[in-house]
Amino acid sequence: MARWFNKQSRLVQIILLLIPVVNWIVEVCVRWSAFLKNKSIITLITAIVVTFLGIVVGWIDVIWCLLFKHMIFAKA
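All residue numbers refer to positions counted from 1 along the written sequence of the respective chain. Residues qualify for local features only when their pLDDT is at least 70, as the model is predicted, and side-chain atom pairs are given and counted only at 80 or more; totals for whole chains, interfaces and linings, by contrast, use all residues. To obtain the side-chain values, all non-hydrogen atoms of the structure were used and water was disregarded.

Caption draft 1: Representation of unusual backbone geometry within the structure. Even without being glycine, Lys69 reaches a positive phi, approximately 65°. Here a strand is any run of E in DSSP of at least two residues, a helix any run of H or I of at least four, and the numbering for each starts at the N terminus. Inspection of the secondary structure assignment puts Lys69 in the segment after α4 (41–68). Backbone geometry places Phe73, a non-glycine residue, at a positive phi of 60°. By secondary structure assignment, the location of Phe73 is in the segment after α4. When accessible area is computed with a 1.4 Å probe and restricted to protein chains, residues below 20% of their type maximum are described as buried, those above 50% as exposed, and intermediate ones as partly exposed. With relative accessibility at 47%, the residue Phe73 sits in the partly exposed group.

Have a look at this one:
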């Protein structure tokens, strides 16, 4: 899922992260798939945080995606 998200155009990424409920679903799917691929402690911590505070982290990821075209700690 992280690879799919990173392949999307920047406009699609931003739109997915701006819609509140879609934001949380995308965040959870991308974070847990990034953890399953990398299995690092940082991706595990961000996946757990996003599960409970996904909307807040999503707003930070909107800005991060504008700058770097991927989510924080979820680069595929």
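Caption draft 2: Spotlight on the state of the cysteines. In plain terms, two cysteine sulfur atoms within 2.5 Å form what is called a disulfide here. One pass over the full model with this rule turns up zero disulfides. Take Cys29: it sits in no disulfide, and the sulfur closest to it among the cysteines is that of Cys65, at 15 Å. For Cys65, a relative accessible area of 0% puts it in the buried group.

Caption draft 3: Examining the side chain of His70 more closely. Mapped onto the secondary structure, His70 falls in the segment after α4. Contacts are assigned to residue pairs that have any heavy atoms within 4.5 Å of one another. Apart from the residues within four sequence positions on either side, His70 is in contact with Asn6, Trp64, Cys65 and Lys75.

Caption draft 4: Spatial organisation of the packing of aromatic side chains. Only centres within 6.5 Å qualify two rings of Phe, Tyr or Trp (six-membered ring in Trp) as a pair; their planes then separate them into stacked at under 30 degrees, edge-to-face at over 60, and tilted for everything else. If you walk through the whole model with that rule in mind, you get two aromatic pairs. A ring pair is formed by Trp32 and Phe35, whose centres lie 5.9 Å apart and whose planes are at 90°; its orientation type is edge-to-face. Residue Trp32 and its partner Phe35 are both found in helix α3 (residues 20–38); the two are separated by three residues, about one turn of the helix. Looking at Trp32, the relative accessible area reads 28%, which means it is partly exposed. Its relative accessible area of 16% is what places Phe35 among the buried residues. Consider the rings of Trp64 and Phe68, whose centres lie 4.6 Å apart with planes at 45°: the pair is tilted. Remark: Phe68 and Trp64 occur in helix α4; sequence separation between them is four residues, near one turn of the helix. Classification of Trp64 as partly exposed rests on a relative accessible area of 30%.

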